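Fold and contact review
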Amino acid sequence: MTMPTFRWQTSGAESRDVDLRCAHSQFQIRILLPATSELAASRNSVWTFEPLMCSTNRCAPEVRGGAKRPGNHAIYSQGIFAYLNYHVPRTRREILEILLKGLQRLEYRGYDSAGVGIDGGNSKESELNAKSIHLIKQRGKVKVLDEEIHKQQDMDLDVEFDVHLGIAHTRWATHGVPSPVNSHPHRSDKTNEFIVIHNGIITNYKDLKKFLESKGYEFESETDTESIAKLVKYMYDNREADISFATLVERVTQQLEGAFALVFKSVHYPGEAVGTRRGSPLLIGVRSDHKLSTDHIPVMYRSCKCHELLLAVSFPVIGGQEIMTLSWFPANKDKKSVTALPRTDQDTCLFPVDEKAVEYYFASDASAVIEHTNRVIFLEDDDVAAVSDGRLSIHRIKRTAGDYPARAVQTLQMELQQIMKGNYSSFMQKEIFEQPESVVNTMRGRVNFDDNTVTLGGLKDHIKEIQRCRRLILIACGTSYHAGVATRQVLEELTELPVMVELASDFLDRNTPVFRDDVCFFISQSGETADSLMALRYCKERGALTVGITNTVGSTISRETDCGVHINAGPEIGVASTKAYTSQFVALIMFALLMCDDRISVQPRRREIIQGLRVLPDLIKEVLNLDDEIQRLATELYQQKSVLIMGRGYHYATCLEGALKIKEITYMHSEGILAGELKHGPLALVDKLMPVIMIIMRDHTYIKCQNALQQVAARQGQPIVICDRDDYETIKNSSRTIKVPHCVDCLQGILSVIPLQLLSFHLAVLRGFDVDCPRNLAKSVTVE
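Residues numbered from 1 in each chain as written. Predicted model: local features only at pLDDT ≥ 70, side-chain atom pairs only at ≥ 80, totals over all residues. Heavy atoms only, no water.

**Observations concerning the overall build of the protein chain**
If you tally the helices and strands in the protein chain, you get 22 helices and 36 strands. Taken over 784 residues, the protein chain has a buried fraction of 60%. Partitioning the intrachain contacts of the protein chain with sequence separation of at least 6 by distance along the chain shows that 77% fall at a separation of at least 24. Accessible surface for the protein chain amounts to roughly 31600 Å². Of this, 47% is attributable to carbon and sulfur atoms. (Helix = DSSP H or I, 4+ residues; strand = E, 2+ residues; numbered from the N terminus. Buried < 20%, exposed > 50% of the residue type's maximum accessible area, 1.4 Å probe, protein only. Contact = heavy atoms within 4.5 Å. Areas by Shrake-Rupley, 256 points an atom, 1.4 Å probe, with all protein chains shown as cover.)

Structure, rendered in structure tokens:
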């Protein structure tokens with residue numbers, strides 16, 4: 001928190017009234033002064049003071065430091081799910097089943113602990129039950145929480161609720177070890193007046209905790225989230241008048257720094273839900289059998305008029321020490337106008353016509369709501385969404401340039417079976433075998449194989465500007481970064497532009513120069529990756545054109561970039577990315593083809609690549625038929641501690657991606673090595689015991705890769721070679737080969753990476769690990 005200064009001229013008077021103009025209604029500061037004998041000497045001195053809290057949270061930025069945008073911190077993936085039924089009778093058992101099912105859909109986002117918060121009590125009058133909140137939290141996966149719920153002796157599962165809000169959370173630890181007390185929901189006090197679930201990190205939680213402890217609030221966990229729960233109670237206890245739940249949450253969020261998605265529940269606001277976000281995703285699903293009042297919810301901005309305030313300063317002696325106390329209070333006593341809001345009616349809210357039944361689902365991911373509804377609202381940063389009396393309204397504190405005046409009710413193009421395992425043992429296995437269909441979906445409607453044309457609707461308004469740029473910068477993390485590395489060479493070839501591929505975290509650390517004639521691509525499966533988002537904002541500030549390559553409709557990257565390409569790979573649940581990688585690869589290839597569609601000199605090459613894309617899905621199916629062979633190979637390798645993967649040219653990215661997959665889910669040490677660098681160090685690792693996988697394809701690096709193969713063999717290495725099935729020379733000179741079909745050189749990386757995806761899967765299964773939920777990782781983890 002910023003420490004401002006306040007100049008006070010002492011004149012011997014015990015207090016003085018000073019006219020101020022501000023939007024406070026009450027503000028208090030205490031400063032420890034020097035001894036009374038020294039006070040006279042402190043005339044005109046500048047004292048530093050720390051503002052404790054403004055009860056309305058409307059302090060001027062120079063006083064309280066101001067809330068900051070997401071900054072240098074980590075975003076950890078966690079799962080938020082809340083369910084509100086309004087005039088839809090549900091038993092407690094049904095409510096808990098919905099909450100647990102939602103958490104299971106989100107479990108890939110975090111799985112070290114989970115918890116739920118529901119109305120307590122067993123009365124037949126649901127209004128009485130809403131006066132208490134029951135928390136159930138447990139370490140471990142959602143199934144452990146389910147078992148704990150059924151152990152509850154004092155909870156009647158058959159009690160029916162006409163109106164009820166339940167909130168649930170699956171956690172990936174950021175502050176504090178996995179334990180019930182550190183699990184969400186977190187509570188404001190021992191009576192659970194307020195509870196909250198949170199995705200993200202609050203960077204100023206230590207300051208908030210210190211302040212709240214000074215006010216007598218007791219903390220029980222090691223988390224940053226608990227400070228939010230305590231802060232909302234502090235704000236409620238010190239409210240100047242009756243205020244809405246949404247207003248209360250607005251005041252809380254103004255004190256928070258960092259990134260968050262939050263959903264609140266309170267005994268003081270029964271049957272009401274408030275959700276908000278800044279830097280972490282949050283959406284709301286709506287389900288009703290009746291017509292809704294609107295398909296665009298207007299954003300309401302809170303009106304705030306500055307009032308003349310009086311500053312009273314006094315010097316009471318407490319414990320032998322003189323304490324200066326400053327208090328602000330409004331000269332205008334009309335407090336209601338400070339937080340005036342437009343009336344919530346049919347023009348400003350979403351609700352079923354004729355006040356019929358409706359259900360709302362708050363979630364951090366669409367996969368949790370798709371089985372209930374396909375109608376969703378994606379919240380923007382600093383939106384506060386409130387459901388009261390079955391009506392959904394969206395609020396913001398202030399209007400800024402570029403704000404959209406409404407939030408649209410969108411229809412998800414997602415099917416329930418897409419997020420189900422089907423006949424596969426894991427989501428990762430399912431997603432590997434979905435790749436023939438996912439690459440077709442990426443190309444569908446975009447590539448015309450008959451006339452060799454490519455159309456990318458998301459870029460059509462900007463393609464001329466992109467073609468005039470001086471440089472392309474691909475910015476990403478993890479697997480998405482590897483997709484950039486894999487396509488860099490063909491991008492350079494077809495665009496004849498310099499292409500940089502950057503890890504987002506390193507790009508930011510270096511304060512990399514970016515210019516107005518650069519085009520910056522941000523590649524992210526989720527579209528919410530924190531480092532990539534901050535890099536995006538960094539580039540936009542410098543005037544570069546920004547392009548998003550994402551798999552998630554409505555994601556922050558897809559909304560904040562100037563244009564983009566949706567890869568249409570379908571939901572990817574497994575933590576280790578597979579089909580998103582190959583679809584990102586294809587999307588970038590299509591962009592390269594689009595960039596050179598009017599250059600006569602490259603048309604033969606362009607037609608070759610387009611026809612290669614045409615047969616690619618069938619070739620992927622052929623590679624997937626090698627599954628049994630790769631499983632046998634895995635039985636020979638799964639007890640090893642390390643594996644080296646070598647290649648060069650188009651296949652260096654394949655080595656990096658294959659090594660990452662093995663690290664992620666098998667916990668074996670693996671390293672992707674550029675074969676051209678063997679003699680500069682890595683060759684020292686090679687001996688007869690070291691497993692080595694080499695990728696050798698018939699392209700412009702073939703002879704050099706053969707030389708690398710001979711170097712490994714000369715050190716008694718016995719490499720497993722992934723090669724072209726018609727490459728008889730390599731097959732003859734290798735002790736073990738995995739033979740894949742031949743394709744255009746720049747697309748061959750898609751075919752060569754799939755055996756490594758399958759190998760990593762089988763190694764993890766044989767080693768007894770959870771393929772979809774590897775330790776220490778979650779789906780959208782980015783650490784600066």
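**Things to note about the pattern of salt bridges**
A side chain of one charge can pair with a side chain of the opposite charge when the charged atoms of the two come close. Inspection of every chain in the model, using the stated rule, returns 36 salt bridges. Where R90 meets E359, a salt bridge forms, and the shortest distance between an N and an O atom there is 2.8 Å. Of this pair, R90 sits in strand β6 (residues 79–91) while E359 sits in strand β19 (residues 358–363); the two residues are 269 residues apart in sequence, bridging distant segments of the chain. In terms of burial, R90 and E359 fall into one category: buried. Residue E657 pairs with K661 through a salt bridge whose shortest N-O separation is 2.7 Å. On the criterion of helical spacing, the pair formed by E657 and K661 is a turn pair, its members being 4 residues apart in helix α19 (residues 652–666). Summarising the burial analysis for this pair, E657 and K661 share the class buried. (Salt bridge = Lys/Arg side-chain N within 4 Å of Asp/Glu carboxyl O.)

**Considering the packing of helix α17 (residues 603–624) against helix α22 (residues 748–766)**
The relative placement of two packed helices is expressed as an angle between their axes plus a distance between the axes. Where α17 meets α22, the closest approach of the two axes is 10 Å, and the angle between their N-to-C directions is 30 degrees. Classified by the angle their axes make, α17 and α22 are roughly parallel. Every pair of crossing elements has a handedness; the one defined by α17 and α22 is right-handed. Residues L616, L619, I620, V623 and L624 of α17 form the contact with α22, whose own contacting residues are I750, L751, I754, P755 and L758. (Axes fitted to C-alpha atoms, helices over the stretch in contact; angles between N-to-C directions. Parallel < 35°, antiparallel > 145°, perpendicular 65-115°, else oblique. Left-handed = near helix turned anticlockwise from the far one by under 90°.)

**Section: the sheet that holds β6**
Either a parallel or an antiparallel arrangement is found when strands of a sheet pair, and the pairing is made through backbone hydrogen bonds. Across the sheet, 8 strands lie side by side as β8-β7-β9-β6-β19-β14-β20-β24; this open sheet has antiparallel pairing. Each having just a single partner strand, β8 (133–139) and β24 (410–411) make up the two edges of the open sheet. Relative to β19, strand β14 (residues 283–287) runs antiparallel, the two sharing 5 bridges. Following the sheet pairing, I284 is matched in β19 by F362. (Pairing = 2+ DSSP bridges.)

**A look at the pairing of strand β36 (residues 736–740)**
Across 5 bridges, strand β35 (residues 720–724) lies against β36 in parallel orientation. Along β36, the bridge assignment pairs I720 with R736.

**Side note on the pairing of β8**
Among the 7 residues of β8, 6 are classified as buried, and the element is accordingly described as predominantly covered. With 7 bridges connecting them, strand β7 (residues 113–119) and β8 associate as antiparallel partners. Bridge pairing in β8 links D119 to I133.

**Observations regarding the nonpolar core**
Within the largest apolar cluster, 94 residues are counted, with the highest numbers of intra-cluster contacts made by F521, I589 and F591. Element by element, the count of residues in this core is highest for helix α16 (residues 579–595), at 13 residues. Those residues in contact with F591, other than ones at most four positions away along the chain, are L456, L459, I466, L472, L491 and F521. Membership of the second largest hydrophobic core comes to 32 residues, among which are I167, L282, L350 and L379. (Core = buried A, V, L, I, M, F, W, Y, C linked by side-chain atoms within 4.5 Å.)

**As for the confidence of the model for the protein chain**
Model confidence for the protein chain is summarised by a mean pLDDT of 83, while 82% of its residues fall at 70 or above. Segment residues 304–314: pLDDT under 50, and 59 contacts once partners within four positions in sequence are set aside and those in other chains are kept. This model gives residues 326–343 a pLDDT under 50, and the stretch forms 54 contacts once residues within four places in sequence are excluded. (pLDDT = per-residue confidence, 0-100.)

**Points about the packing of aromatic side chains**
Enumeration according to the criterion identifies 13 aromatic pairs in this entry. Ring plane angle 10 degrees and centroid distance 4.5 Å describe the contact between F245 and Y269, whose orientation is recorded as stacked. With F245 in helix α8 (residues 245–253) and Y269 in the loop between β12 (258–266) and β13 (273–278), the pair connects residues that are 24 residues apart, well separated along the chain. Through a chain of ring-to-ring contacts, the aromatic side chains of F194, Y236, F245 and Y269 assemble into a single cluster. The ring of F219 carries K230 above its face, with NZ or CZ at 5.3 Å from the centroid. A cation over a ring is seen here: R542 above Y538, with NZ or CZ 3.6 Å from the ring centre. (Phe/Tyr/Trp six-rings, centres within 6.5 Å; stacked < 30°, edge-to-face > 60°. Lys NZ or Arg CZ within 6 Å of the ring centre and 35° of its normal.)

**Overview of the sheet that holds strand β28 (residues 499–503)**
The 5 strands lie next to each other as β28-β27-β29-β30-β31, forming an open sheet whose pairing is parallel. Every interior strand has two partners, whereas the edge strands, β28 and β31 (563–566), have only one. Between one strand axis and the next, the sheet turns through 20 degrees on average, direction left out of account. As defined by bridge partners, strand β29 (residues 518–524) adjoins strand β30 (residues 545–550) across 6 bridges and the pair is classed as parallel. Among the inter-strand pairings, I523 is bridged to a residue of β30, identified as I549. Along the sheet, helix α12 (residues 478–495) makes contact with β27 (471–476), β28 and β29, crossing β28 at roughly 175 degrees.

**Let's talk about unusual backbone geometry**
P185 follows H184 through a cis peptide bond whose omega is 0 degrees. With respect to the secondary-structure elements, P185 resides in the loop between β9 (160–171) and β10 (186–187). In the Ramachandran plot, H87 falls in the positive-phi region, its phi being about 55 degrees despite a non-glycine side chain. Mapped onto the secondary structure, H87 falls in strand β6. Of note, D382 is a non-glycine position whose phi angle comes to about 75 degrees, a positive value. Note that D382 resides in the loop between β20 (375–378) and β21 (384–388).

**Re the environment of R407**
Along the chain, R407 turns up in strand β23 (residues 406–408). Its relative accessible area of 5% is what places R407 among the buried residues. Residue contacts for R407: discarding those within four places in its chain leaves D295, H296, I297, V299, I377, F378, E380, D383, I394 and R396. One polar contact links R407 to D383, side chain to side chain, over a distance of 2.6 Å. Separated by 3.3 Å, the side chain of R407 and the backbone oxygen of Y404 make a polar contact. (Polar contact = N/O pair within 3.5 Å; in protein donor to acceptor, adjacent residues only side chain to side chain.)

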